[in-house]
Amino acid sequence: MDRLQSASLLLDPLAPADYGWLCALYADAEVMRYIGTGVRSEEHSRANLDALRAQAKRLGFGYWVVRARGSGERLGGAALMVRSEESPVELGFLFARAAWGKGVATEAARTLVAHAFGVLELPELQAFIDVNNLASGAVLRKAGLRDAGLATGPYLGIDRRFHLTREEWLAGLPAD
């Protein structure tokens, strides 16, 4: 997995040295308010991160730690993940509170969308958000994904699903 770069961000492949910081992020109730079942234990977080690293070795994509390009400060994490073989690759992200409202999530999401369609040539991407998570919905729209309506999400609740195909991305079609 390669390091990705954007104007103000570095996206570094997940490394074990990042686990402690990320486990603290997954333990922050406000950060996890709209993600899955909420706060995760360190054991659960480490197991999830191990699985994403294994996926990266197998598929060439997985989880990136998002850092400020100038300082290298960790800001959050972003992923391209496969939950099941029959599902499209899923885009996901979470960020520390200090990064909220600064365009960091949008820039990271756009970077991963471009990587997914430009380099990896994936046929499509999807993302799921809690129906009340308006901020993440805005990020996904700015990254080019379109709202595909309500669907059963990865945690078996009703989520808002977003979707984009490579053909749409190449055509430069605007999001809803």
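Everything here concerns the structure above.
Nothing here was measured: the structure is a model prediction, and the numbers come from that model.

Cut-offs used in this document
- Residues numbered from 1 in each chain as written.
- Predicted model: local features only at pLDDT ≥ 70, side-chain atom pairs only at ≥ 80, totals over all residues.
- Heavy atoms only, no water.
- Phe/Tyr/Trp six-rings, centres within 6.5 Å; stacked < 30°, edge-to-face > 60°.
- Buried < 20%, exposed > 50% of the residue type's maximum accessible area, 1.4 Å probe, protein only.
- Helix = DSSP H or I, 4+ residues; strand = E, 2+ residues; numbered from the N terminus.
- Arc of directions from axis to C-beta.
- Contact = heavy atoms within 4.5 Å.

Student: Could you clarify how one ought to interpret the packing of aromatic side chains in this entry?
Tutor: Any pair of aromatic rings gets described here by the distance separating the centres and the angle formed by the planes. Scanning the entire structure with this criterion turns up two aromatic pairs. When the ring of F93 is compared with that of F95, the centres are 6.2 Å apart and the planes differ by 40°; the resulting orientation is tilted. This pair shows no difference in class: F93 is buried, exactly as F95 is. Ring plane angle 40° and centroid distance 5.7 Å describe the contact between F117 and W169, whose orientation is recorded as tilted. Remark: W169 occurs in helix 5 (residues 166-171) and F117 occurs in helix 3 (residues 104-119); sequence separation between them is 52 residues. On the basis of relative accessible area, W169 is assigned to the partly exposed category, the value being 30%.

Student: Please clarify how helix 4 (residues 134-142) should be interpreted in this entry.
Tutor: Side chains of residues three or four places apart in an α-helix project in the same direction, reflecting 3.6 residues per turn. Every buried residue of helix 4 is accounted for by S136, G137, V139 and L140. Projected down its long axis, helix 4 shows its buried positions confined to an angular sector of 160°, all on one face. Those residues of helix 4 that are exposed and angled more than 90 degrees off the buried face are L134, A135 and K142. Buried residues along helix 4 sit against strand 5 (89-95), helix 3, strand 6 (124-130) and strand 8 (158-165). One or two positions beyond helix 4, positive phi appears at G144, with a value near 105°.

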